[in-house]
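Fold and contact review
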Amino acid sequence: SHLTCSIRYHQRSSLVVCRSKFDLDDVIEAQQFDRDTLGQIFEVAREMEKIEKNKEVDILKGYLMATLFYEPSTRTRLSFESAMKRLGGEVLTTENAREFSSAAKGETLEDSIRTVEGYSDIIVMRHFESGAARRAASVASIPVINAGDGPGQHPTQALLDVYTIEREIGKLDGIKLGLVGDLANGRTVRSLAYLIAKYSDVKIYFVAPEVVKMKDDIKEYLSSVGVEWEESTDLLEVASKCDVVYQTRIQRERFGERKDLYEQARGKYIVDRNVLGVLPKDAIVMHPLPRLDEITVDVDDDPRAAYFRQAKNGLFIRMAILKLLLLGR
Amino acid sequence: SHLTCSIRYHQRSSLVVCRSKFDLDDVIEAQQFDRDTLGQIFEVAREMEKIEKNKEVDILKGYLMATLFYEPSTRTRLSFESAMKRLGGEVLTTENAREFSSAAKGETLEDSIRTVEGYSDIIVMRHFESGAARRAASVASIPVINAGDGPGQHPTQALLDVYTIEREIGKLDGIKLGLVGDLANGRTVRSLAYLIAKYSDVKIYFVAPEVVKMKDDIKEYLSSVGVEWEESTDLLEVASKCDVVYQTRIQRERFGERKDLYEQARGKYIVDRNVLGVLPKDAIVMHPLPRLDEITVDVDDDPRAAYFRQAKNGLFIRMAILKLLLLGR
Amino acid sequence: SHLTCSIRYHQRSSLVVCRSKFDLDDVIEAQQFDRDTLGQIFEVAREMEKIEKNKEVDILKGYLMATLFYEPSTRTRLSFESAMKRLGGEVLTTENAREFSSAAKGETLEDSIRTVEGYSDIIVMRHFESGAARRAASVASIPVINAGDGPGQHPTQALLDVYTIEREIGKLDGIKLGLVGDLANGRTVRSLAYLIAKYSDVKIYFVAPEVVKMKDDIKEYLSSVGVEWEESTDLLEVASKCDVVYQTRIQRERFGERKDLYEQARGKYIVDRNVLGVLPKDAIVMHPLPRLDEITVDVDDDPRAAYFRQAKNGLFIRMAILKLLLLGR
């Protein structure tokens, strides 16, 4: 495939960097991906599934990834670190980067990034502030991956969600998707709505307790790009029509003192054996995890329970992203 | 050696797993080992002593171990991680897995394990609740090693203790063992008593302050399997008759407000140069570490002070366990 | 080059260790280096710059470094861990070694070191107590590197500072150095003064707010070894005469309740575009980082702003030290 080259200025030197056609420099937000790019990432992810445990994998040998986590997220961190190590690369870990001078001594994020880029080849960053990943990418001369920045984005989660739908259902165009639970606060469902809107003939059902309904910005966006959507209070009816029931956790931390509202919202829509009873044979249940009791454990053994496979797909997507950002296509 | 095969069900797929005769799936508690298994583990541990620092060791290359520690224990964690890396394997570390959604967001241990098993090939787990390791092993499709579960078990510590006795004294049958210190709360001495009882003609002396005497369940168990035991208040007399004096730390945290009882118990039986004076020439002093002043530092230079060699044996035992669980025999 | 051999006693065994002429066992304090040793280290550091990202580097393959940090310092830890991994070695990390029994259960540092040396080949230690590194080295049978011990030493920082001056200016003899900012509390500038004094014809200017002036011990030392020094309150004048302006952060934590004194000291000497205006064309600005506003961000783009290159040099110096301590010269 043909190469694209660019000049990068790095401290005193400038270097010409050439990559093959996959021209992603950083992974910052779900909106940056078009259908073609998604297709390329998913293709590499499929290759990754095959090589996962091959002892001879040295694809990223000699490369160092820094996991710069300004707030803890063990699940996401482990997934990225596993991905890097499965490819033969190495990892520098900072589980609590708030102590990384920044907060403690007043260093700016920009300065921290300029230091860390001297020690590593790629930065995976989690931050508590929306927009932090973009700021990091703007100063870094190495690729930056956003592993969640506050209420902002968590683009690799959105990628693995779409990958899982394609992997399990076999298509993305024409998909019928039920988004259930905390649609107001869930970063996940918002990003997923953005990404899935890139496919044609998509239908989305929103099923949420009144206090955590999907916000207008997403609804307007979907309408503006021609995606059909509908709100419903009948989970069983929605489940009977969907390819994917995507359940989410009601986030207690968003309710503050109103424990009563939380308890009310929490018990409202549960995916249980009744839902399985009406769910089409080839449909699936997804969940970004962790779950509490919004999916009952007796659902786990049903082959349509896809949430642990979905978590596993996070590994393949992250392997693909790391390979593409470090080696190009 | 001949193979044993089994069918494992993992999410949507089932796989036939064949291993050679060593058929340990998980390491959960000291009681699960018989003499034959112990002999096999010790044989591999001996091989491990030879290869420790060989640069060409790629025995576990491509394998990933997850250290899932729900309470910190740097010593045990480092020992396992060193073992894995000495064999060419790689490690995913979670020093503070309590934040791993579980406690923080209410995820069950079972769900956490199902996620982590997607990222790794073997799980080493430390937990604050007795029985947690068994629960983890029951859902995991990859091997689980118990690195301590609350007041429960710490089986690799028991293995390294028995290995050290055989390595230093040259035998296990006919051994004379003095267990000293906090016998009521010490997980270590309880597990050691269970394991050593598998050998014949064993004699155990208990030397403990009144408030932390060995409990009846162990005494009854030893009697039931024909192990001779005796309680004594005379450390010097016991030391003069033993192959092994196994000293333990009085655990302050068990005394709560009763600091007076703690101080009283703590000073009662000290291994010092007086004890060395009566200890047989080929006997040894052991201690699971860390120690305070229950062994005086002037004992350290005596060749019979085996406690740092004992700690080092933990490395070889853990290397052996990792190799056996991941590759079979 | 010819070998020097020594006998090391390690637990029950003794071993003859032979190394080539580079005879550093540990790195404990800046004063231990003479000009020859510095020259050797810098020569290896230059080699390290070339091999940094070569995928085939297995120079330290099979070696394990333990980073034993009794207080967090993410920047220093990442720099050492990157260095080890760039050379093909492996790392055991303890970000919060205070929990490593020592503090929590009362184990001595000496006992902790004797345990950790069984798991690793070299120890990089950060401690909150002055003198801790020397104590660790005195019991360890493997090399110990001091990565900062309280108000004491941080020798690899001093090494990378001198290396940066040579690398950027092209000489050390005859250098003119302006030390600016918190000269009373800055471990960095004190160590740098010690090291640079080994070169001839050096001139040092101290520019510090009254409350954090350079202490008499360093001034007396410099005078005793024939280094010219001078105090000044005019940063612009000093900058116009220097090869290196070494700016440091005013350490708020040293002022306790006296926030007024802190604010006063903090704003006094700022490196900004005015300073750049008078700074010679081939001079540089250095800073140990993190910085607050004692260097304005509009200085960053000037080619004379050397502080991020300086941080990067820390990687090469640490690679050199690790190679020299583990493999000899």
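Overview of the structure.

Another aspect to go through is the overall build of chain A. In terms of regular secondary structure, chain A is built from 12 helices and 11 strands. Long-range pairs, those at least 24 residues apart, make up 69% of the contacts in chain A with a sequence separation of at least 6. Accessible area of chain A: about 12600 Å², with a carbon and sulfur share of 46%.

All right, on to the relation of the copies chain C and chain B then. If you rotate chain C by 120° and push it 0.0 Å along the axis, it lands on chain B with an RMSD of 0.0 Å. Expressed as an axis order, the relation between the two copies is that of a three-fold axis.

Another point: empty space enclosed by the protein. Over the atoms, a rolled probe matching the size of one water molecule traces out where space is still vacant. Applying the stated criterion to the full structure yields seven cavities of 30 Å³ or more. Considered as a void within the structure, the largest cavity measures approximately 280 Å³ in volume. For the largest cavity, the lining is made up of 20 residues, of which E81(A), T93(A), E81(B), T93(B) and T93(C) are closest to its centre. Within the residue set of the lining of the largest cavity, elements represented by two or more residues are helix 2 (74-86) and strand 4 (90-94) of chain A, helix 2 (74-86) and strand 4 (90-94) of chain B together with helix 2 (74-86) and strand 4 (90-94) of chain C. Of the residues that constitute the lining of the largest cavity, the class distribution is five nonpolar, three polar and 12 charged.

A cis geometry characterises the amide bond from L289(B) onward to P290(B), with omega recorded as 0°. Here P290(B) shows up in the loop between strand 11 (284-286) and helix 12 (307-327). Even without being glycine, D201(A) reaches a positive phi, approximately 65°. Relative to the elements of secondary structure, D201(A) occurs in the loop between helix 7 (187-196) and strand 8 (203-207). Phi angles above zero are rare outside glycine, and L289(C) is one such case at about 60°. As for its placement among the helices and strands, L289(C) is situated in the loop between strand 11 (284-286) and helix 12 (307-327). Accessibility expressed as a relative area gives 8% for L289(C), which makes it buried.

Before going further, it helps to spend a moment on the interface of chain C and chain A. Listed per partner, the contact involves 30 residues of chain C and 28 residues of chain A. Summed over both partners, the interface of chain C with chain A comes to about 2700 Å²; 49% of that surface belongs to carbon and sulfur atoms. One can count six salt bridges joining chain C with chain A. The partner of E107(A) in a salt bridge is R75(C), with the nearest N and O atoms 2.5 Å apart. The interface formed by chain C and chain A contains 11 residue pairs in polar contact (both at pLDDT 80 or more). Where the side of chain C that touches chain A is concerned, the elements lending two or more residues are helix 2 and helix 12 of chain C. Here the element with the most residues in the side of chain C that touches chain A is helix 2 of chain C; it accounts for nine residues. Counted by class, the side of chain C that touches chain A contains nine nonpolar, three polar and 18 charged residues.

Okay, the pattern of salt bridges next. All names here are of chain B. Here the structure, examined in full by the defined rule, presents 84 salt bridges over all chains. The residue D216 makes a salt bridge to K219 at a minimum N-O spacing of 3.9 Å. Of this pair, D216 and K219 are both found in helix 8 (residues 216-224), three residues apart, which corresponds to roughly one turn of the helix. We classify K219 as buried; its relative accessible area is 9%.

All names here are of chain B. Look at helix 2 against helix 12: their axes get within 8 Å of each other, and the N-to-C directions meet at 60°. When the axes of helix 2 and helix 12 are compared, the pair comes out oblique. In this structure, the crossing between helix 2 and helix 12 has a hand that is right-handed. From helix 2, S79, F80, S82, A83, M84 and R86 reach across to helix 12, where they touch G314, L315, R318, M319, L322 and L326. The residue inventory of the contact of helix 2 with helix 12, partitioned by class, reads seven nonpolar, three polar and two charged.

Moving on, we get to the interface of chain C and chain B. If you look at the interface, chain C gives 28 residues, while chain B gives 31 residues. Where chain C meets chain B, there are six salt bridges. Of the charged contacts in the structure, one is a salt bridge between D58(B) and K61(C), with a shortest N-O distance of 3.3 Å. Applying the counting criterion to the chain C and chain B interface returns 11 residue pairs in polar contact (both at pLDDT 80 or more). Every element with two or more residues in the side of chain C that touches chain B is listed here: strand 4 and helix 4 (109-116) of chain C. For the side of chain C that touches chain B, the element with the highest residue contribution is strand 4 of chain C, accounting for five residues. For the side of chain C that touches chain B, a count of residues per class yields eight nonpolar, nine polar and 11 charged.

To continue, consider the pairing of strand 9 (residues 228-231) of chain B. Two faces, one strand: in a regular strand the side chains alternate between the faces of the sheet. Sheet topology note: the strand 8 (residues 203-207) of chain B/strand 9 of chain B ladder contains four bridges and is parallel. By the bridge assignment, I204(B) is partnered in strand 9 of chain B with W229(B).

Quick look at the side chain of K203(C) now. All names here are of chain C. Here K203 lies in strand 8 (residues 203-207). Look at K203 and you get buried, because its relative accessible area is 13%. In terms of polar contacts, K203 uses its side chain to reach the side chain of E228, at 3.4 Å. In contact with K203, other than residues within four places in its own chain, are I175, K176, L177, E228 and E230.

So, on to the pairing of strand 7 (residues 176-180) of chain A. Residue and element names in this part refer to chain A. Buried residues dominate strand 7, accounting for four of its five residues. Inspection of the sheet shows strand 7 paired to strand 8 by five bridges, in the parallel sense. By the bridge assignment, L177 is partnered in strand 8 with I204. For the crossover from strand 7 across helix 7 to strand 8, the handedness is right-handed.

With that settled, consider helix 7 (residues 187-196) of chain C. Most of helix 7 of chain C is tucked away: nine of the 10 residues are buried. What helix 7 of chain C keeps buried is the set R187(C), T188(C), V189(C), S191(C), L192(C), A193(C), Y194(C), L195(C) and I196(C).

Attention now moves to the sheet that holds strand 5 (residues 122-127) of chain B. All names here are of chain B. In spatial order, the strands read 4-3-5-6; together these four strands make up an open sheet with parallel pairing. In this open sheet, the two edge strands, each paired with only one partner strand, are strand 4 and strand 6 (144-149). Strand-to-strand twist in this sheet, taken as the mean axis angle between neighbours without regard to direction, amounts to 15°. Strand direction decides the pairing type here: strand 3 (residues 64-69) and strand 5, joined by five bridges, are parallel. From the neighbouring strand, F69 faces strand 5, where its bridge partner is R126.

Criteria and thresholds
Residues numbered from 1 in each chain as written. Chains lettered and ligands numbered in written order. Predicted model: local features only at pLDDT ≥ 70, side-chain atom pairs only at ≥ 80, totals over all residues. Heavy atoms only, no water. Helix = DSSP H or I, 4+ residues; strand = E, 2+ residues; numbered from the N terminus. Contact = heavy atoms within 4.5 Å. Areas by Shrake-Rupley, 256 points an atom, 1.4 Å probe, with all protein chains shown as cover. Least-squares fit on C-alpha atoms with pLDDT ≥ 70 in both. 1 Å grid on protein atoms, 1.4 Å probe; cavity = no way out; pocket = protein on both sides within 12 Å on 5 of 7 lines; lining within 4 Å. Points joined across faces, edges and corners; volume = space filled by probe spheres on them. Nonpolar A, V, L, I, M, F, W, Y, C, P; charged D, E, K, R; others polar. Buried < 20%, exposed > 50% of the residue type's maximum accessible area, 1.4 Å probe, protein only. Buried area = accessible area lost by both parts, 1.4 Å probe. Salt bridge = Lys/Arg side-chain N within 4 Å of Asp/Glu carboxyl O. Polar contact = N/O pair within 3.5 Å; in protein donor to acceptor, adjacent residues only side chain to side chain. Axes fitted to C-alpha atoms, helices over the stretch in contact; angles between N-to-C directions. Parallel < 35°, antiparallel > 145°, perpendicular 65-115°, else oblique. Left-handed = near helix turned anticlockwise from the far one by under 90°. Pairing = 2+ DSSP bridges. Right-handed = clockwise from strand over helix to strand, strands pointing away.

None of this, on its own, says anything about what the molecule does.
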